[in-house]
Amino acid sequence: MVRTRFAPSPTGFLHIGGARTALFCWAFARRHGGTFILRVEDTDLERSTPEAVQAILDGMNWLGLYPDEGPFFQMQRMDRYREVIQQMLDAGTAYHCYCSPEELDQMREAQRARGEKPRYDGRWRPENLTAGMLPPAGIKPVVRFKNPADGIVAWEDAVKGRIEFSNTELDDFVIARSDGTPTYNFCVVVDDWDMRVTHVLRGDDHVNNTPRQINVLRALGAQLPVYGHLSMILGDDGQKLSKRHGAVSVMEYPADGFLRDAVLNYLARLGWSHGDDEVFSMKQFCEWFDLDHITPSAAQFNSEKLRWLNQEYLKKLPTEELATTLSPYMARAGIVVEGPNLGQAANLYRERVHTLVELAEALRYFYVRPSPGSALVAEHLNDANRHALLVLVERLAETVWEANAIGGVIKATVAEFKLKMPQVMMPLRVLLTGKAQTPSVDAVMAVIGKDECLTRLKSALAT
Ligand code: GLU
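Now for a description of the structure that goes with this document. Computed from a prediction, not measured in an experiment: that's the story for all the values here. (Residues numbered from 1 in each chain as written. Predicted model: local features only at pLDDT ≥ 70, side-chain atom pairs only at ≥ 80, totals over all residues. Heavy atoms only, no water.)

## Remarks on helix H8 (residues 260–268)
A large share of H8 lies buried, amounting to seven of its nine residues. Of all the residues in H8, the buried ones are Ala-262, Val-263, Leu-264, Asn-265, Tyr-266, Leu-267 and Ala-268. (Buried < 20%, exposed > 50% of the residue type's maximum accessible area, 1.4 Å probe, protein only. Helix = DSSP H or I, 4+ residues; strand = E, 2+ residues; numbered from the N terminus.)

Here is the structure:
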């Protein structure tokens, strides 16, 4: 049974990289009918905040990546960590170390002076204790893991291939501080063990933790999960992803008018591929997702591609759903949706914009009377067409309000006055919408509505 986990540290918002990790863990569990676990790694009391926990949960909810188990909170599992530490002390796979911070500094200092890599020298390892070496008074010990002294620790990384470390590079790391609190690498191990995690997919900033975690798991007699370390996500310029490449917090995407399905689809392709497929549903993704097609090289974040995908999804939304999704964006743009049907208006623009924010802005003139600039009006309205427009307004008043009928009346008037189509279309467009570029004028007019179109035209032509 596949069991994956996403284990964010709540020190900020849910960022794009974290969301991609969560998505891959979730999809892998879905693909294999397994379990996706959410675990909040909140033991860093100085950096973890309740707001950040909420931000992560909000991000996961928005993405629709619901855990099958959890959220679990490491802070609520302290007793369990202490229990395992005691078991390890009893089994001799961990030991108390009484070095003071000063002593450790001196040790490192001396090692550096000898040209050695600074590391804990194992002086409190049970086998190194000399007769009469007693715990110094007044020092509360830390607990250290007894790392294997030699040999290598290696694993077949599902993304990066074989990775190995020499045990001599790993010193006996602290698993419990002198106040008894367990350390990060240790909690992760106990959790992955207790939660029977089969596949650990996480960012490759954790590659250096993996050999330590494997050694502890072995000392506990636990089965090892498969590890897959996902490469970093870089900005389009190859630099570390940051604000200037676009939003890094997942929750900025809905705010910026991106659709959840587009963001998920985009994240799915960030370091994973299925042939040339670019646009696919999450259902499809869960059927396809595998670890073999995760690229070991860094993925590049491309905001233009995300905008393109978002437009693909905007194009596909059923009208009703598009209107419902768009509503809050209209409100946020300060536009009161009254009169013209929002879905019909949106249909005219969905292929011309990339985000819901842009769509709301594009639809403003349907609901708010425009005031076309006088230069723009002067450019299109003149003595050659003014009279034709006045006649057209009268005829429109008698027309069935539907795009074809409106178009027919416009054409007939153009012909009658021996004008060219743009000579009438352009002033109509400008007076009705305040813009020189819009979708087909008759379609726009049909949505704006008869009374409102006539009001706009009459008041503009009267001046
Ligand atoms: N809490 C770690 C992080 O947010 C992830 C640990 C893990 O996945 O093992 O980077």
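That covers the picture; the talk isn't over yet.
## Considerations on the environment of Ala-154
Mapped onto the fold, Ala-154 is located in strand S6 (residues 152–157). For the pair Ala-154 and Asn-167, spaced 13 residues apart in sequence, the C-alpha to C-alpha distance is 9.8 Å. Once residues within four sequence positions are removed from consideration, Ala-154 is found in contact with Arg-162, Ile-163, Glu-164 and Arg-218. (Contact = heavy atoms within 4.5 Å.)

## Describing the pattern of salt bridges
Pairing between side chains becomes possible if they bear opposite charge and their charged atoms approach one another. For the structure shown, the criterion picks out 32 salt bridges. Of the charged contacts in the structure, one is a salt bridge between Asp-191 and Arg-39, with a shortest N-O distance of 3.3 Å. Residue Asp-191 is found in helix H5 (residues 184–194), and its partner Arg-39 is found in strand S2 (residues 35–40); the two are separated by 152 residues along the sequence. Overall, the relative accessible area of 0% leaves Asp-191 in the buried class. (Salt bridge = Lys/Arg side-chain N within 4 Å of Asp/Glu carboxyl O.)

## Describing helix H16 (residues 386–397)
The end-to-end C-alpha distance of H16 is 17 Å, a good match for the 16 Å that twelve residues give at a rise of 1.5 Å each. Looking at H16, one finds that the buried residues are Ala-388, Leu-389, Val-391, Leu-392, Val-393 and Leu-396. Elements in contact with the buried residues of H16: helix H17 (403–416), helix H18 (421–433), helix H19 (441–448) and helix H20 (450–462). (Expected span 1.5 Å × (residues − 1).)

## A short note on the pairing of strand S7 (residues 161–166)
Pairing between S6 and S7: six bridges, direction antiparallel. Among the inter-strand pairings, Ala-154 is bridged to a residue of S7, identified as Glu-164. The hairpin formed by S6 and S7 contains three residues between the paired strands. (Pairing = 2+ DSSP bridges.)

## Notes on the site of the ligand
Taken together, the neighbourhood of the ligand is formed by Arg-5, Ala-7, Pro-8, Ser-9, Glu-41, Tyr-184, Val-188, Arg-202 and His-206. At a separation of 2.7 Å, an oxygen atom of the ligand approaches a polar side-chain atom of Arg-5. For the ligand, whose unbound accessible area comes to 300 Å², protein coverage reaches 81%. The residue inventory of the shell around the ligand, partitioned by class, reads four nonpolar, two polar and three charged. (Near = heavy atom within 4 Å. Polar contact = N/O pair within 3.5 Å; in protein donor to acceptor, adjacent residues only side chain to side chain. Areas by Shrake-Rupley, 256 points an atom, 1.4 Å probe, with all protein chains shown as cover. Nonpolar A, V, L, I, M, F, W, Y, C, P; charged D, E, K, R; others polar.)

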